[in-house]
Structures are given as structure tokens and as C-alpha cells.
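Residues per chain are reported as follows:
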Amino acid sequence: MHSAIFLLMFLSFSPEIKTESSSNHVIDDSVGLGRTFDGIGAISGGGATSKLLVNYPEKLRSQILDYLFKPNFGASLHILKCEIGGDAQSTDGSESSHMHSPWEENYHRGYEWWLMKEAKKRNPNIKLYGLPWGFPSWVGQYSRSPYNSVMTTASYVLKWVINAQKVHNLTIDYLGVWNEKPYNVTYIKTLRKLLDDNSQKQVKLVVADSDWSVSEDVMKDKEFGDVVDFIGVHYPGMTSTTDAKKTGKQLWSSEDYSTFNDDVGAGCMARITNRNYVVGMMTSTIVWNLIASYYQSLPFPRNGLMTADQPWSGYYRVDNPVWITAHTTQFTQIGWTYLKHGSGVGSFEGTGGSYVTLQSPDKKNVTIVIEKLSHDHSICVRPPLEPYKTEAENVTFTLKGSLANIKQLNVWVTKLNFGGQPSKVFMKMAPLQIVNGEFTLYLDVDTVFTLTTLSVGQKGQYAAPPPPQGFPQQYKDNFDTYPLDVEAFNFAQQTGAFEITKAENVSRGNVLTQVVLDMPLNWCGPTLFDLLQKPVTMIGNVSWSDVIVSVDVQISKVNGSKGVFVAARMDKGGCSVWEAYGLYFWMYPELKEYRLTHDLVGTKLLGAGKLPTAAVGQWHNLMLIVKGTQATGVFDGTQVFSVTIPATPKNGFIALGTDNFGLANFDNFRLEVAHSVEDFSFVNYQDFHVHDVL
């Protein structure tokens, strides 16, 4: 049976489909090879994108990690790129630094160490890549630039690399400079020298995680060019520049995708994975982000390869970008080589689509990846995609050189459907027989093919996870069950760092502490973000309206913040968190007063008054009750205000935070959500309690 019709039948297409378009392409390794393949990867961070993954039930969490990292199972990634935390908001939250201050170091904070180790458990060959988005203020000498003292910044990054190895047995393979920010040639040279002088020569530098302009400096400054291993750009739109190609450096799309992970997102992934090399000669594509494991109301919801944002229910979903990624990652490895353009790599001119051929170093195996994605079904979030047409066609491939001896290719196919029928993804077909070094395929629109001599490959599958559920409407946490220095489950810090510490009063146990003393050197703009930001962490569901929230608070006598708050109906996070509205109940113990504000930055006052018993260093309780258009504040069991509140926002998150950077402690957090105002029926404030739900 003709191979094209054979595949059509398996895909449930009509074998009567005819097309006027047809083309012929040669795949030949005898004319030489193209560039070395550097792998497909994904990013955790930029920022806090893996936050909710950490506290999934272990069994389900392990399944999720298998889908991402296990070879020949799911996405089977070659590279894991992680944020080097800087205590600064960097898209969906802030990630803790390993050095909040110059006098202390801690290599157990956050979740990136854990994630890298889990990736290595599943694939010991995965490459690890670190990149800062922000920095603690001291690194920049309390300025707005990390380059005021290049030795200080380079030493800070070097310590992260060295202790990844020393503390976690993780070897870092690649480092970047400063995400999407200006680079500094002297800093990069200094970092290279420090790495070399400290037995870290294996670390390669990817410069500069922004645009192609660095190519000019690479060519005009030989010393600089010598320390740049890869030129990495973000969202290149499949194109590179003449200067970039002239450098002779391997070119990477070191951040790409950032697209909602539905079938259009899968189409985006298929298109850029192939065409970044076909059009732009980029040998690696690294997608933001690895897994959408953050609250969906934060920026860029579901922009991961897959989604896991409900640890309380255990629900997760394996989205189709995972299987599009598998078309390449399960059948190639870093170190394979692309064939030359015109001899295994190319586009289907006039009809849309592209193909790449990769060969193993020993030339014993070959993989061909073909995509026929239409414009409207492969749009990424950025940059704009110029219109082009895509047509179905019959394509004949002729194998030459050492490939002429191939008699059979294993076949994996995806057909993305956009007309109501479900897509058919990563299907293993019957092997394709090669006759006289030639075969013909019918390429329908919105299809992806992998043809390979390898016999590996699997569409991994576990039993369906539990069904989705909203965040528990009764919740409490006294923070006593965590190890020190980690973040509390489900609290999504947006600026600053909220970590578990030991209370001064031993009988109180552990507490949640905002530990950052100075405003970080931020990644977010605009300048107002620097001027108006306040440390804040959020929890719950953005749809919540009527709530009771209670928390014990203490401002430290040494390096303490000026004030502390509990909030409801907070409507924003991410880089626009400084614009967040809601209801913020503040305590200022040194001033012995409270405030209720409509905004996080504290400029829109709804009420204020005295708290005669408030004191720095003492524990107090703040309770905020929001019912319809009324907000009530309770301080240490006594009502201090009950006021009419603005009609908007009608709903939002629960939040905790401080007025400025400085130490503040939180304990015995409790919340309860009401479906209506009548649900709140307690007589005394002391009657408020929350059932154990976790």
C-alpha cells in the first residue's frame, strides 16, 4: 500500500483527498552537515512559576515530573533553565536569594534546587542553566545596577554555582547574565575568570538573554568574544541577524513560547521548534515556562508546557505542548547534528511548513521532524507573526548518502484539530517502508510528523488525577510543620521573601517571616515599581468576596518594618502588583495606629485610628471581616472599625505583607470564605475558627 494513503487511513482522513500541490526534497548527509543541536529546554522561574508544584501529594508530583523530564515518556527535556532568585518580583512572584544580605548564605531556600535534583534523578544527562532576573540590593551596592561592583556580582553568582555542586551535587552547565536587561562586558569577562579560577570551567556563558545586539561586541572585542559561548536571545520570531551568524557562535532562542497551552499553543511550539533553526539557525529553543504552577489569575495563565496549579486537590493536566515537544526531544539528543539547508533542512515554499533532519554523532540514527502549521493555529504570544498561507500537499523525500541504506522509519504523528473534533497527538503509526531510497507523505494542514530510525518513544500515561476543586474555603496554617527557611505552602510571595523561621519565643514554634531588609534590585518596571513596591504574599482564590481572615503579627525590634497588614479582595499580582486594589488593614505599632486603605501602596485611605496597646516586638492579632459593602477590623479581639467600602474590587486574594522592607513575623493564619453575608453567624470574634482541612 502506498505509504501516503497508509498514513491517511490511520489518521482517519479520507484517502480520496487530492491536492494539486506536491514537492520533492533531498535528504543527504554526503554534502556535509549543519550546526550541532544544543537541545530543547524549559524555564522554571522568571518568576515563581513552579511555586505550587512543591506541595503536591508526592505520588502525583512524581507523575508530573515524569511527564516533564523522564526520557522517552513525555516532554523529555534536554535543558532545565532556572532562576537564580533575587528576592524580586520577576513575573508571577519573587524567588528567594541564596544571600539576602552580604553576611549570610543559605542554599536550601526556594524550590529550584529541589527541582533540578528531581530533573537529574530522571535524566542524569539533562543540562542545567542558571540566570538571575533580579538581585538583592546589596549586590548592586544599593543602587539600581548590578554592575557597580562587577566583582561583587560575579562572586555572588559564583557562590550559587559552587554550592549547587557542594550542597546539592548539581553541576551547572550554563549561566546567563541578567534577564532581558543591559549586559556589561567587564562583568562577563570577570565572571568567566572567576569561574575558571574556581574549577568551574565546565560552565558555558549564554549572552545576553535579550536581543541580537551583543553580536557587534562579540565581533569587535576578541577577548569578549572568546568568553561568550552562546548568543542567546528572547522571542526572536524565528529570525536572526547577519552579524549574529557572522560571529560563528551557536545561536539560541534562550526564551521563547510564553503562550497559553491549548492547541494553538501546541502549534506555536511546533512551528518555533523547527523554524528557529530553519529560518534563524538557532540550535536550541528554551520555552517559558516549564509548568504553569501558579495561580491562574496571575500574569500569563497556563503558559507552561503543562499545568499543575491545584496542590490542594491534586489535579493537573498534561497539555498538548508536552507532546509537540516530544516529537523532537524523544528522538534526538544534545550533540546530534542538523543536516545542511537544502539537504535535509528546509521549508515548503509557497505551501507552508518546514522540516529538519538530525543525525546522531555515530551516524547510525537519523530523525526527521516535519511541521505543517497554519498561521492562525500557531500564533505565539510574541512577536507578531506575519501572514502566510499553508496548504496540504504530497511531499516526496529522497534519501542519499549514508541515509540511502535506510529501509524503514518509525513514525509518530500529531493532527491538531480546530473544528470541534479533539486533536490526535503523538500517535505511533506503523513503520514507513522506504523503497529505493524514497518515500511520499501526504502532509495535511496542522500536522506534525517525526520519522526516525530509533525504536524508542512513548506517550507516557498515568491514571487520571483527582478532579479539580477550588481552594479550600476554610484554611489555617500555624507554620510549625515546615523545615526552616522554606516558603509556606500555597502562599505566593510577590515581592520580598516570606520564609519559615524559629520564633524568639520557643513556645510559639515556627513563624512566617518577611526577611528582606532592603528593596531588591528589580527586574520589573517601570520606575514606579521601585518607588512604590511593598513586600506582599498572597493566597487563595481571586474570586473570593466575603471572607474572614485572621493572623497574629509581630514587628521585630531590630531591622523591623514600619507596618504590617492583612488584606482581602487583592486584585493583582505580578509586575503590576504595586497597582493592586483591595482592602488593606494596617498596623503601625510605633505610631500606635491602624489604617484601612483601598490600595496596596497606601494612598487611598478608608479609615484610620489609634491602637493604644500596639507595641513593637509584641504579638498582636489582626482580623479583617469583609461582608458585602462592609469591612470590619478587629485588633486583639476588639473591634476598631466598621466602614462602608468601595464597590470595587468585588473580589480578590487574601494577602499578608509589610509597609516597607524589614523584618515582620506572622503566625496562626486562618481564613474562612462565605458564599453570602448570612454565612457569617458568629456572635463573638473569638468564636471564629477554622476546621483542619489539610
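Preceding block: the structure.
Being a predicted model, the structure only gives us computed values, none of them experimental.

Draft legend 1. Focus on helix H9 (residues 263-278). The terminal C-alpha atoms of H9 lie 22 Å apart, and with 16 residues this matches the ideal 22 Å at 1.5 Å per residue to within 8%. In terms of burial, H9 is largely enclosed, as 15 of its 16 residues are buried. Residue Asp262 occupies the N-cap position of H9, its side-chain oxygen lying 3.2 Å from the main-chain nitrogen of Val264.

Draft legend 2. Quick look at the state of the cysteines. For the structure on display, the rule yields two disulfides. The disulfide partner of Cys524 is Cys575, and the gap between their sulfur atoms is 1.9 Å. In this structure, the disulfide formed by Cys524 and Cys575 twists by about -60° around the S-S bond and is classed as left-handed. On the criterion of sequence distance, the pair formed by Cys524 in the loop between strand E27 (510-514) and helix H11 (527-532) and Cys575 in the loop between strand E30 (564-570) and strand E31 (581-588) is long-range, its members being 51 residues apart. Classification of Cys575 as partly exposed rests on a relative accessible area of 22%. Shown here for the chain is a disulfide pattern of 1-2, 3-4, where each number marks a bonded cysteine counted in sequence order. Lacking any disulfide linkage, Cys82 is separated from the closest cysteine sulfur, that of Cys524, by 19 Å.

Draft legend 3. Molecular detail of the sheet that holds strand E13 (residues 315-317). Taken together, three strands build an open sheet; the order of strands is E11-E12-E13 and the sheet is mixed. Every interior strand has two partners, whereas the edge strands, strand E11 (291-292) and E13, have only one.

Draft legend 4. View of the side chain of Ser143. In this fold, Ser143 is placed in the loop between strand E5 (127-132) and helix H4 (150-168). Looking at Ser143, the relative accessible area reads 17%, which means it is buried. A polar side-chain atom of Ser143 sits 3.0 Å from the main-chain carbonyl oxygen of Ser145. A polar contact of 3.0 Å, which involves the side chain of Ser143, links it to the side chain of Asn148. Those residues within four positions of Ser143 in sequence are excluded, and the remaining contacts are Ser137, Asn148 and Leu521.

What counts, and where the lines are drawn
- Residues numbered from 1 in each chain as written.
- Predicted model: local features only at pLDDT ≥ 70, side-chain atom pairs only at ≥ 80, totals over all residues.
- Heavy atoms only, no water.
- Helix = DSSP H or I, 4+ residues; strand = E, 2+ residues; numbered from the N terminus.
- Expected span 1.5 Å × (residues − 1).
- Buried < 20%, exposed > 50% of the residue type's maximum accessible area, 1.4 Å probe, protein only.
- Polar contact = N/O pair within 3.5 Å; in protein donor to acceptor, adjacent residues only side chain to side chain.
- Disulfide = S-S within 2.5 Å.
- Pairing = 2+ DSSP bridges.
- Contact = heavy atoms within 4.5 Å.

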